[in-house]
Amino acid sequence: MDDSRDNRSQGPEILEIAGRRIARGERASLEIPVADLYTHTKLTMPVNVIRSEAPGPVMFISAAVHGDELNGVEIIRRLLRLRQLRRLRGTIIAVPIVNVHGFLRNSRYLPDRRDLNRSFPGSSNGSVAGRLAKVFIDEIVLNADYGIDLHTGAVHRANLPQIRADLSQATVRDMADAFGCPLLIDAPLREGSLREYADRKGVPLLLYEAGEALRFDEFSIRAGVRGVVGVMRHLGMLPARRQASTPAAPVVATDSSWERAPESGILRMLVDLGQHVEAGQVLGYVADPFGETEVAIQAEHAGIVIGRTYLPLAHAGDAIYHVARVKGAEALAARVEQFQEAHEPDDATDRGLSGEPPLV
Ligand SMILES: [Zn+2]
């Protein structure tokens, strides 16, 4: 840690976002102008800032960088309602809907068909994606000491809750451990991604991936709320738990690959998220509609299933199962099951950490 980070981690006296000055102890709702619609309609990005009287780090939490990825929107809503926030030290910058254009259209992309997460850092005279990226960087990322960006799988594709981060950095690794997911993916930085730019600017960033696009998934949401709270505790933004149970260190996957449909056809899937698989194991079958011909989908290597499609239809080459290579996949699968049991509500009366009735 260098000196500048030590200073920054106390947070500024006055935090200025989009021209609004927010003092310690203030809570502010902002509407940050982004690229307008061609209907002459103004479009804004909603941001909520909560600052404690006491100095402390500034962390942003963002969701819907891909406009159809919704679990994070609900994670942030629940987070902002937590009673524990009365004991906050520092500043939360909550941005539940980053890609406002895509969100309006239930789309991952922007109207210029660009992927916002390949458009960072953007520019103020670029196309829609570039402008939005620039606003997000200038007003949110560069005002923060840390960040957590919340994602889901694509449409019809779900991810097992997982953290993706550059684990070679000690600060990032510690945050990832504190999030509490059993599985971390040591993911290379992609050109133009938020992670890559944040990394360049020295803002440690975690990416949480859980669930499926255009769906709420209670397990993914609860694990996400718990994870963000865990990171805030680790950073001293919330008081540590009294009986700090040290969770077992997460397992790191360094490599993963997609098992694809060998033929076009109707899909029968036999393996679910979080299960461990052996090399050569049959994961499912692709058959013609009459059941006359049938081809098995086999695991190329042993590992744990971290992503799957839910659409039982496939063209040859379509990605069906995402399998991560890990050491001790069987033991990890058992831990994933425990993790799931710990976060999945028992019944409609189980309100969990955030005091919310479970969504079904
Ligand atoms: Zn995403």
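Cut-offs applied
- Residues numbered from 1 in each chain as written.
- Predicted model: local features only at pLDDT ≥ 70, side-chain atom pairs only at ≥ 80, totals over all residues.
- Heavy atoms only, no water.
- Pairing = 2+ DSSP bridges.
- Helix = DSSP H or I, 4+ residues; strand = E, 2+ residues; numbered from the N terminus.
- Right-handed = clockwise from strand over helix to strand, strands pointing away.
- Phe/Tyr/Trp six-rings, centres within 6.5 Å; stacked < 30°, edge-to-face > 60°.
- Buried < 20%, exposed > 50% of the residue type's maximum accessible area, 1.4 Å probe, protein only.
- Domains from an automatic or database assignment.
- Contact = heavy atoms within 4.5 Å.
- Buried area = accessible area lost by both parts, 1.4 Å probe.
- Salt bridge = Lys/Arg side-chain N within 4 Å of Asp/Glu carboxyl O.
- Nonpolar A, V, L, I, M, F, W, Y, C, P; charged D, E, K, R; others polar.
- Lys, Arg positive; Asp, Glu negative; His and termini not counted.
- Polar contact = N/O pair within 3.5 Å; in protein donor to acceptor, adjacent residues only side chain to side chain.
- Axes fitted to C-alpha atoms, helices over the stretch in contact; angles between N-to-C directions.
- Parallel < 35°, antiparallel > 145°, perpendicular 65-115°, else oblique.
- Expected span 1.5 Å × (residues − 1).
- Core = buried A, V, L, I, M, F, W, Y, C linked by side-chain atoms within 4.5 Å.

Enquirer: Mind laying out the pairing of strand E9 (residues 183–186), listing which residues take part and the relevant values?
Expert: Alignment of strand E8 (residues 157–165) against E9, held across 3 bridges, turns out to be parallel. Looking at the pairing, Ala-165 lines up with Asp-186 of E9. Handedness of the crossover joining E8 and E9 through helix H5 (residues 170–179): right-handed. Sheet topology places E9 next to strand E11 (residues 251–253); 3 bridges connect them, and they run parallel. For Leu-183, the partnering residue across the bridge sits in E11 and is Val-251.

Enquirer: So what's going on with the packing of aromatic side chains? Residues and values would help.
Expert: Using the criterion set out here, one finds 4 aromatic pairs in the structure. On the basis of an interplanar angle of 35 degrees and a centroid distance of 4.9 Å, the ring pair of Phe-179 and Tyr-208 is categorised as tilted. Here Tyr-208 lies in strand E10 (residues 205–212) and Phe-179 lies in helix H5, a separation of 29 residues in the sequence. A relative accessible area of 3% means that Phe-179 is categorised as buried. According to the relative accessible area criterion, Tyr-208 is buried, its value standing at 1%.

Enquirer: I'd like a rundown of the domain arrangement of the chain, residues and numbers included.
Expert: A common way to report how large an interface is uses the accessible area buried once the components associate. We note that the domain assignment places domain 1 (14–234) and domain 2 (255–325) within the chain. Here domain 1 and domain 2 have C-alpha centroids that lie 32 Å from each other. Taken together, the contact pairs 10 residues of domain 1 with 13 residues of domain 2. The contact between domain 1 and domain 2 buries some 870 Å² in all, and 62% of this surface belongs to carbon and sulfur atoms. Considering only the surface of domain 1 that becomes buried against domain 2, His-156, Arg-157 and Leu-160 emerge as the three largest contributors, covering 54% of it. Viewed at the interface, domain 2 and domain 1 are joined by 0 salt bridges. Within the residue set of the side of domain 1 that touches domain 2, elements represented by two or more residues are E8 and E9. In terms of residue count, E8 provides more of the side of domain 1 that touches domain 2 than any other element does, 6 residues in total. For the side of domain 1 that touches domain 2, the class distribution of residues is 4 nonpolar, 3 polar and 3 charged.

Enquirer: Please set out unusual backbone geometry residue by residue, giving values where relevant.
Expert: Of note, the bond from Phe-120 into Pro-121 is cis; its omega dihedral lies within 30 degrees of zero at 5 degrees. Here Pro-121 is to be found in the loop between helix H3 (100–104) and helix H4 (128–139). Phi at Asn-106 takes a positive value of approximately 55 degrees, unusual for a residue other than glycine. Inspection of the secondary structure assignment puts Asn-106 in the loop between H3 and H4. Backbone geometry places Leu-214, a non-glycine residue, at a positive phi of 60 degrees. Relative to the elements of secondary structure, Leu-214 occurs in the loop between E10 and helix H7 (218–234).

Enquirer: Quick rundown of the side chain of Arg-51? Include the residues and the values.
Expert: Checked against the element boundaries, Arg-51 lands in strand E4 (residues 43–51). Summary of buried charges: Arg-51 has no salt-bridge partner, and the nearest side chain of opposite charge, Glu-26, is 7.2 Å away. In terms of polar contacts, Arg-51 uses its side chain to reach the backbone carbonyl oxygen of Glu-13, at 3.1 Å. Leave out the neighbours within four places in its chain, and Arg-51 touches Gly-11, Pro-12, Glu-13, Ile-14, Leu-15, Ile-22, Ala-23, Arg-24, Gly-25, Glu-26, Gly-90 and Thr-91.

Enquirer: Tell me about the packing of H7 against helix H8 (residues 329–343), and name the residues and values.
Expert: Helix-helix packing is described using two parameters, namely the angle between the two axes and the distance between the axes. Orientation of H7 relative to H8, taken along the N-to-C sense of each, is 90 degrees, at an axis distance of 9 Å. Between H7 and H8, the interaxial angle falls into the category roughly perpendicular. Residue-level contacts link Phe-219, Arg-222, Ala-223 and Arg-226 of H7 to Phe-339, Gln-340 and His-343 of H8. Looking at the contact of H7 with H8, its residues break down into 3 nonpolar, 2 polar and 2 charged.

Enquirer: Tell me what's going on with H7, and back it up with residues and numbers.
Expert: For H7, built from 17 residues, the straight-helix expectation of 24 Å at 1.5 Å per residue is met to within 8% by its first-to-last C-alpha distance of 24 Å. Most of H7 is tucked away, with 15 of its 17 residues classed as buried.

Enquirer: Would you mind going over the nonpolar core in detail, with residue names and values included?
Expert: Core analysis: the largest hydrophobic core is formed by 42 residues, its most contacted members being Met-59, Ile-163, Phe-179, Leu-206, Tyr-208 and Met-232. Of all the secondary-structure elements, those providing two or more residues to this core are strand E5 (58–63), helix H2 (71–80), strand E6 (91–95), strand E7 (146–151), E8, H5, E10 and H7. Residues within four places of Leu-206 in sequence aside, it is in contact with Gly-147, Ile-148, Asp-149, Ile-163, Arg-164, Ala-165, Val-172, Met-175, Ala-176, Phe-179 and Val-231. Counting residues in hydrophobic clusters, the runner-up holds 36 residues, among them Ala-28, Val-49, Phe-60 and Val-141.

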